[in-house]
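Spelled out, the chains give:
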Amino acid sequence: MYPALVTISLILVFGSSAFMSISGLLSIFSNNTITIISMGLGMEIGKILSISHLYRSWPKNNALVKSGYIFIVFVLTLLTSFEVMGFLSQCHQETVQDIHVIQSKIDALNEEELVLRSQINITDQTLNGLPASHVSRRINERKNSGYAKKQNRLVDIIKQKASLGTQLLSGNNNSNPALAIATILKMDGSIIISIFIPLLVLILEPLIIGLTIAVNAAWMNHRKPEPKKNDHSKSQILTEKLKSLQKDYNLSVSQIAKITGRKKFKTCEGWLNGMIPTPQRALTEIQAWVEKEYVKNRKSDGTIFKFKI
């Protein structure tokens, strides 16, 4: 379970770093997308493989080879760090830029609203100075000054400001943690971001290196479950019985192979050496053959000579 968890963690962290690194390269070199993506993937995967190979063959390599691999990994890590930092900075600038654009639109609408309200007030003051009996003149003055259009425009401005205010609030919520920290520390939000991004990049690449080593160590030390002691004892007992039969009745390897129907002598030698577990069926066949042939091959004085098949 542990090797699988470490591997999943490495895939998640490495995948995020590789995506940001390749995106950073594409933002700089956008003429040939396929080539840049291939180069970026090759560099990132090569970094992981270099770390793995260096860890696995560390005792075998000399100082020169080790230094070469360390230099390669260091350069690749440095390049990835710059690309990731650029990607994160660009993302933050896009977020802040959207907020600034929205705020600029709101400021422009506020200025337009002030101008329109000022013009409407001037028209109202002018019309208020006319006698009450000049109704037609009042209507013409309002029409000529675009009074109705200006009022309609004020209504549109109020609606647009409400919509932009909602977008501005959403944008501020996206950067809320940085703004909250900046508020607590009484600092500018941009300063908090300029500290946070380098710290994030500083820990990301060493984490990938550490997880790569941990994954290799976990899988190298991973062992298959050992056979049960009872099964091992049973196999050992069968091997000892086979050796005893061979010794007592002078059985050769070729005889054991012929009795058990084995074509390869190495299998029978493996039984006798304990390298291959002795099958219960093979031992039973040998015991049955010995019991059958014992009487036929016994000398008159009771001694036993080598059986012939």
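Up top you'll find the structure we're talking about.
Residues numbered from 1 in each chain as written. Predicted model: local features only at pLDDT ≥ 70, side-chain atom pairs only at ≥ 80, totals over all residues. Heavy atoms only, no water.

**Student:** Tell me about a nonpolar patch on the surface, and please be specific about residues and values.
**Tutor:** Together, Phe-71, Ile-72, Phe-74, Val-75, Leu-78, Leu-79 and Phe-82 make up a nonpolar patch on the protein surface, roughly 680 Å² of accessible area in all. Along the chain, Phe-82 turns up in helix H3 (residues 63–128). (Patch = residues over 30% accessible without salt bridge, like charges linked within 9 Å, V, L, I, M, F, W, Y side chains within 5 Å. Areas by Shrake-Rupley, 256 points an atom, 1.4 Å probe, with all protein chains shown as cover. Salt bridge = Lys/Arg side-chain N within 4 Å of Asp/Glu carboxyl O. Helix = DSSP H or I, 4+ residues; strand = E, 2+ residues; numbered from the N terminus.)

**Student:** Tell me about the packing of aromatic side chains, and please be specific about residues and values.
**Tutor:** Two aromatic rings, taken as a pair, are described by how far apart their centres are and by the angle between their planes. One pass over the full model with this rule turns up one aromatic pair. Ring geometry for Phe-19 and Phe-87: centres 6.1 Å apart, planes at 80 degrees, overall edge-to-face. Taken as a pair, Phe-19 in helix H1 (residues 2–28) and Phe-87 in helix H3 lie far apart in primary sequence, 68 residues in all. Overall, Phe-87 belongs to the buried group, its relative accessible area being 17%. (Phe/Tyr/Trp six-rings, centres within 6.5 Å; stacked < 30°, edge-to-face > 60°. Buried < 20%, exposed > 50% of the residue type's maximum accessible area, 1.4 Å probe, protein only.)

**Student:** Any details on the packing of helix H9 (residues 253–260) against helix H10 (residues 265–273)? Residues and values, ideally.
**Tutor:** Across the interface, H9 lies against H10 with an axial gap of 9 Å and an inter-helix angle of 105 degrees. With respect to H10, the element H9 is oriented roughly perpendicular. Here H9 contributes Val-253, Ser-254, Ile-256, Ala-257 and Thr-260 to the contact with H10, which in turn contributes Phe-265, Cys-268, Glu-269, Trp-271 and Leu-272. Along the lines of polarity and charge, the residues of the contact of H9 with H10 split into seven nonpolar, two polar and one charged. (Axes fitted to C-alpha atoms, helices over the stretch in contact; angles between N-to-C directions. Parallel < 35°, antiparallel > 145°, perpendicular 65-115°, else oblique. Contact = heavy atoms within 4.5 Å. Nonpolar A, V, L, I, M, F, W, Y, C, P; charged D, E, K, R; others polar.)

**Student:** Before we move on, can you summarise the environment of Ile-22 with the specific residues and values?
**Tutor:** Inspection of the secondary structure assignment puts Ile-22 in helix H1. Looking at Ile-22, the relative accessible area reads 10%, which means it is buried. Residues Ile-22 and Thr-80, 58 residues apart in the sequence, show an inter-C-alpha distance of 8.8 Å. Excluding anything up to four places from it in sequence, Ile-22 contacts Ile-37, Gly-40 and Leu-41.

**Student:** Tell me about the nonpolar core, and name the residues and values.
**Tutor:** Of all hydrophobic cores here, the largest spans 17 residues; its most connected members are Leu-10, Phe-14, Met-20, Val-84, Leu-88, Leu-204 and Ile-208. Among the elements of the structure, H1, H3 and helix H7 (189–220) are those that each provide at least two residues to this core. Considering every element that reaches this core, the biggest residue donor is H7, with seven residues. Setting aside anything within four residues of it in sequence, one finds Leu-204 in contact with Val-13, Ser-17, Met-20 and Val-84. Counting residues in each nonpolar core, the second largest holds 16 residues, with Leu-245, Ile-259, Leu-283 and Trp-289 among its members. (Core = buried A, V, L, I, M, F, W, Y, C linked by side-chain atoms within 4.5 Å.)

**Student:** Run through the pattern of salt bridges, naming residues and quoting values.
**Tutor:** Scanning the model with the defined rule gives six salt bridges in all. Here Glu-113 makes a salt bridge to Arg-117, at a shortest N to O gap of 3.1 Å. Here Glu-113 pairs with Arg-117, and both are found in helix H3, just four residues apart, close to one helical turn. Lys-161 is the partner of Glu-113 in a salt bridge, and the nearest nitrogen-oxygen pair spans 2.9 Å. Placement of the pair is Glu-113 in helix H3 and Lys-161 in helix H5 (residues 147–174), with a sequence separation of 48 residues. Within this structure, Glu-44, Lys-47 and Glu-205 form a network of salt bridges that share partners.

**Student:** Summarise H9; cite the residues concerned and give the values.
**Tutor:** One turn of an α-helix holds 3.6 residues; hence residues three or four places apart share an orientation. Among the residues of H9, those classed as buried are Gln-255, Ile-256, Ala-257, Ile-259 and Thr-260. Positioned one or two residues after H9, Gly-261 has a phi angle of 75 degrees, which is positive.

**Student:** Before we move on, could you go through the environment of Lys-243 and cite the residues and values that matter?
**Tutor:** Mapped onto the elements of the fold, Lys-243 is located in helix H8 (residues 229–249). In sequence terms Lys-243 and Leu-272 are 29 residues apart; their C-alpha atoms lie 6.1 Å from each other.

**Student:** Outline H10, supporting the account with residue identities and numerical values.
**Tutor:** Burial in H10 covers these residues: Cys-268, Gly-270, Trp-271 and Leu-272. Trailing H10 by a residue or two, Gly-274 shows a phi angle of about 80 degrees, which is positive.

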